[in-house]
Amino acid sequence: MTNLDEGSLADTLEKHLPEIANYFLNRTTSGVTEGINTRIKLILCQSYGFASFKSMREKL
């Protein structure tokens, strides 16, 4: 069992309550955006060593 501060779960839920409630109201997530960001980061990692920014940008 982990040693969590008392109330930490309640504090987290209170802090993020608008975002949590928004999911249940609209059934939307940031999954698509997170996927795009992950893909861009992967391309950037694979682009190290390119001779120019233009070459890297064309890969995006």
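Residues numbered from 1 in each chain as written. Predicted model: local features only at pLDDT ≥ 70, side-chain atom pairs only at ≥ 80, totals over all residues. Heavy atoms only, no water.

1. Side note on the overall build of the chain
When you go through the chain residue by residue, the secondary structure sums to three helices and zero strands. Across the chain, helices and strands are ordered from the amino to the carboxyl terminus as α-α-α. Against the globule reference of 10 Å for 60 residues, the chain gives a C-alpha radius of gyration of 19 Å, more extended than a compact globule. In terms of principal-axis extent, the alpha carbons of the chain reach across some 55 × 35 × 15 Å. Within the span of the chain, comprising 60 residues, buried residues form 5% of the whole. For the chain, the exposed area adds up to about 5,700 Å²; of that, 59% sits on carbon and sulfur atoms. (Helix = DSSP H or I, 4+ residues; strand = E, 2+ residues; numbered from the N terminus. Rg over C-alpha atoms; globule rule 2.2 N^0.38 Å. Buried < 20%, exposed > 50% of the residue type's maximum accessible area, 1.4 Å probe, protein only. Areas by Shrake-Rupley, 256 points an atom, 1.4 Å probe, with all protein chains shown as cover.)

2. Considering the packing of aromatic side chains
Considering all chains together, one arrives at one aromatic pair under this definition. Between Tyr23 and Phe24 the ring centres are 5.1 Å apart and the planes differ by 75°, which places this aromatic pair in the edge-to-face class. Classification of Tyr23 as partly exposed rests on a relative accessible area of 32%. (Phe/Tyr/Trp six-rings, centres within 6.5 Å; stacked < 30°, edge-to-face > 60°.)

3. Structural notes on a nonpolar patch on the surface
Taken together, the side chains of Leu9, Leu13, Leu17, Ile20, Tyr23 and Phe24 define a hydrophobic patch exposed on the protein surface, amounting to about 580 Å² of accessible area. Examined against the element boundaries, Ile20 turns out to sit in helix α1 (residues 8–26). Taking relative accessible area as the criterion, Ile20 reaches 33% and is therefore assigned partly exposed. (Patch = residues over 30% accessible without salt bridge, like charges linked within 9 Å, V, L, I, M, F, W, Y side chains within 5 Å. Salt bridge = Lys/Arg side-chain N within 4 Å of Asp/Glu carboxyl O.)

4. Comments concerning α1
Given 3.6 residues to a turn, an α-helix orients residues that are three or four positions apart in the same direction. Under the 1.5 Å per step criterion, the end-to-end length of α1 is 27 Å for 19 residues, consistent within 8% with the ideal 27 Å. Arg27 occupies a position one or two residues after α1 and carries a positive phi of about 55°. (Expected span 1.5 Å × (residues − 1).)

5. Quick word on the confidence of the model for the chain
Overall, the predicted model of the chain reaches an average pLDDT of 83, with 90% of residues at or above 70. Element-level mean pLDDT values for the chain span from 77 in helix α3 (residues 53–59) up to 91 in α1. (pLDDT = per-residue confidence, 0-100.)

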